[in-house]
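The residues making up each chain are set out below.
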Amino acid sequence: MGAHVPGDDGLLAVRAAEGDEDAFEALVRRHAPGLLRLAASMLGSPAEAEDAVQDAFVSAWRRLPEFRGQSAFATWMHRIVVNRCLNMLRSRRPVADLDSVPEPQAPDHAVSPVRAAESHAAAVALGRSLSELSPEQRVCWVLRELEGRSYETIAETVGISPEAARGRVFRARRCLTEAMTAWR
């Protein structure tokens, strides 16, 4: 394609629902990077994240005529990706692939190999702790802590009340705090 398709998400979604592939491609380019980060955070696997987001966009393309603009297109896509990730997490064995958990970057790693080893061990421990959360807690925690979403947006994305979103984030934080106490 190559040509830039101007317009806001709502207009692009309407055009895409009418069959405009360029408009849909513009939406994919605009939203794929953030959705991939979200899925990778939830699933702990870049390959699974790509599958989830690709499936979500295929589903969105098919369901675009149903999109009524009652929520923002981005929120609608987040909901589709979150639901796909939750389904993948629920169908998975309880043990996550800990080697695929991204390691947080720390500027002093180059200075101290001991510090780098400690940081890697902490990242593995965090990945293990995240995999032990329920899928529902995990998605709310990821949306709040890694994506910076409001409780209202989390509630709309996941399909729960803002109070339930707050409760899930609180319980996830408590579990992670307990599990990571040794790393303080």
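Notes on the structure follow. All figures in this text were calculated on a predicted structure; none of them were measured in a lab.

1. Comments concerning the overall build of the chain
Helix and strand content of the chain: 8 helices and 0 strands. Reading the secondary structure of the chain in the N-to-C direction produces α-α-α-α-α-α-α-α. In the chain, which comprises 184 residues, the share counted as buried stands at 40%. Sequence-distant contacts in the chain: of pairs separated by 6 or more residues, those separated by 24 or more amount to 60%.

2. What to know about the nonpolar core
By size, the foremost hydrophobic cluster in this structure holds 46 residues, and its most contacted members are Met-42 and Met-77. Looking at this core, the elements that each hand over two or more residues are helix 1 (9-17), helix 2 (21-43), helix 3 (46-63), helix 4 (73-91), helix 6 (135-146), helix 7 (151-158) and helix 8 (162-179). Those residues in contact with Met-77 that lie beyond four places of it in its chain are Leu-35, Ala-56, Phe-57 and Ala-60.

3. Overview of the pattern of salt bridges
Should their charged atoms come close, side chains of opposite charge can pair. Scanning all chains against the criterion turns up 8 salt bridges. Asp-20 is the salt-bridge partner of Arg-15, the closest N and O atoms lying 3.1 Å from each other. A residue is classified by how much of its surface remains accessible, and Asp-20, at 22% relative accessible area, is partly exposed. Across the salt bridge formed by Arg-84 and Asp-55, the nearest N and O atoms sit 3.1 Å from each other. Separated by 29 residues along the polypeptide, Arg-84 in helix 4 and Asp-55 in helix 3 bring together distant segments of the chain. We classify Asp-55 as partly exposed; its relative accessible area is 34%.

4. Some details on the packing of helix 3 against helix 4
Put simply, helix 3 and helix 4 touch, their axes get as near as 9 Å, and they point 130° apart. By the criterion of interaxial angle, the relationship of helix 3 to helix 4 is oblique. For helix 3 against helix 4, the interelement crossing comes out right-handed. Contacts between helix 3 and helix 4 pair Glu-48, Ala-52, Val-53, Asp-55, Ala-56, Phe-57, Ser-59, Ala-60 and Arg-63 from the former with Trp-76, Met-77, Ile-80, Val-81, Arg-84, Cys-85 and Met-88 from the latter. Its residues placed into classes, the contact of helix 3 with helix 4 shows 11 nonpolar, 1 polar and 4 charged.

5. A closer look at the packing of aromatic side chains
Enumeration according to the criterion identifies 5 aromatic pairs in this entry. Centroid distance Phe-24 to Phe-57: 6.1 Å. Interplanar angle 85°. Geometry classified as edge-to-face. With Phe-24 in helix 2 and Phe-57 in helix 3, this pair connects stretches of sequence that are 33 residues apart. You can call Phe-24 buried: its relative accessible area is 10%. Relative accessible area serves as the criterion here: at 8%, Phe-57 is assigned to the buried category. Arranged with centres 5.8 Å apart and planes meeting at 90°, the rings of Phe-67 and Phe-73 form a pair that is edge-to-face. A relative accessible area of 15% places Phe-67 in the buried class.

What counts as what
- Every chain begins its residue count from 1, and numbering advances along the sequence as written.
- Thresholds applied to this predicted model are a pLDDT of at least 70 for local features of residues and 80 or more for the giving and counting of side-chain atom pairs; totals over whole chains, interfaces and linings are not thresholded and use all residues.
- Side-chain calculation: all heavy atoms of the structure are included, whereas hydrogens and water are not.
- The way it works is that DSSP assigns letters per residue, a run of H or I at least four long becomes a helix, a run of E at least two long becomes a strand, and they are numbered from the N terminus.
- Burial status follows relative accessibility: with a 1.4 Å probe on protein chains alone, a residue under 20% of its type maximum counts as buried, one over 50% as exposed, and anything between as partly exposed.
- Between two residues, a contact is recorded if the distance between any of their heavy atoms is within 4.5 Å.
- Here, the term nonpolar core denotes a set of buried Ala, Val, Leu, Ile, Met, Phe, Trp, Tyr and Cys residues that are joined through side-chain atoms within 4.5 Å.
- One side-chain nitrogen of Lys or Arg within 4 Å of one carboxyl oxygen of Asp or Glu is enough to make a salt bridge.
- Only C-alpha atoms enter the line fits that serve as axes; for helices the fit covers just the stretch in contact. Angles between N-to-C directions range over 0 to 180 degrees.
- The scheme is simple: roughly parallel for angles under 35 degrees, roughly antiparallel for over 145, roughly perpendicular for 65 to 115, oblique for anything else.
- For a crossing to be left-handed, the near helix must be turned anticlockwise from the far one by less than a right angle; the clockwise case is right-handed.
- Under the scheme applied, nonpolar residues are Ala, Val, Leu, Ile, Met, Phe, Trp, Tyr, Cys and Pro; charged residues are Asp, Glu, Lys and Arg; polar residues are all the others, including Gly.
- Each aromatic pair joins two rings of Phe, Tyr and Trp (for Trp, the six-membered one) with centres within 6.5 Å, and gets the label stacked for planes under 30 degrees apart, edge-to-face for over 60, and tilted for any other angle.

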